[in-house]
Amino acid sequence: MGEDGFPRKYAGSAVVERDSGEQVRLTPMENRVWNLFGQGGPRVIRPEEVYEAARESMILFDPNAVHNLISRIREKMGSRSVLTLSGVGYVWGALIPQIAANGVDRGGVYEDTLKILGGDRAAASRIIYDAGDIVSREDLAQQVYGEDKQSVKGRLRVVLDDIREKLGTSSVLVFSGEGLMIPSAEFRESVDTAMGIMN
């Protein structure tokens, strides 16, 4: 890691240090993609950007090849090193504490939002918001409804869809295999920008 907390930039293959201190070797292609996460501060890396960084090795843009490349980087750097933001792209996992909304962002807009939502929608929003991290769907269902059965998860999905419909798609982020997070206002702009480029 560099002094700024972002991955160091390397030209070819590289030996890179994981958060655990263990050193791993990245191929030149993996290294070019890993370096994307250190450019431009906290942001969403779109699949097309991964392809551009790796295109010397990929002839055509193939979402499966991009996914496989990210999976190889995760295997080497750690399962939470790169998180998949469903339907949008990838986020460097170490940034989650910086990009999650938390008590610092609390204020009039947050309180007004809870009033608009009401009931279990407000409860779900408050739990995700106060976590300042990713909250699993199971934990959220347990905290909102006191159980995590499949029927409750279905109800929770309706609640989350309703929140996103009222407050915008990027108001609650869904990380594949991880859970949910309410982003800070700044990171939400990054998500909206990435989604705008994709639409």
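Structure shown above.
Quick notes on the rules
- Residues numbered from 1 in each chain as written.
- Predicted model: local features only at pLDDT ≥ 70, side-chain atom pairs only at ≥ 80, totals over all residues.
- Heavy atoms only, no water.
- Helix = DSSP H or I, 4+ residues; strand = E, 2+ residues; numbered from the N terminus.
- Buried < 20%, exposed > 50% of the residue type's maximum accessible area, 1.4 Å probe, protein only.
- Contact = heavy atoms within 4.5 Å.
- Areas by Shrake-Rupley, 256 points an atom, 1.4 Å probe, with all protein chains shown as cover.
- Core = buried A, V, L, I, M, F, W, Y, C linked by side-chain atoms within 4.5 Å.
- Phe/Tyr/Trp six-rings, centres within 6.5 Å; stacked < 30°, edge-to-face > 60°.
- Lys NZ or Arg CZ within 6 Å of the ring centre and 35° of its normal.

A. Examining the overall build of the chain more closely. Looking only at helices and strands, the chain features nine helices and six strands. For the chain, the residues scored as buried account for 46% of the 199 residues in total. Of the contacts made within the chain by residues no fewer than 6 positions apart, 54% connect residues no fewer than 24 positions apart. For the chain, the computed accessible surface area is about 10200 Å², with 48% contributed by carbon and sulfur atoms.

B. Quick look at the nonpolar core. With 39 residues, the main nonpolar core has V33, W34, V50 and F175 as its most contacted residues. Ranked by residue count, the leading element in this core is helix α3 (residues 63–77), at five residues. Membership of the second largest hydrophobic core comes to 22 residues, among which are V135, Y145, V152 and L160.

C. Fine view of the packing of aromatic side chains. On inspection of all chains with the given rule, the structure shows two aromatic pairs. Their ring planes at 90° and their centres at 6.1 Å tell us that W34 and W92 sit as a pair that is edge-to-face. Of this pair, W34 sits in helix α1 (residues 28–36) while W92 sits in strand β4 (residues 89–92), and the two are 58 residues apart along the sequence. Across the pair, W92 and W34 agree in class, each one buried. Of the aromatic side chains, those joined through ring pairs into one cluster are W34, F37 and W92. The ring centre of Y145 lies 4.3 Å from the NZ or CZ of R155, which sits over that ring.

Interpretation note: all reported values are geometric properties and have no functional meaning in isolation.
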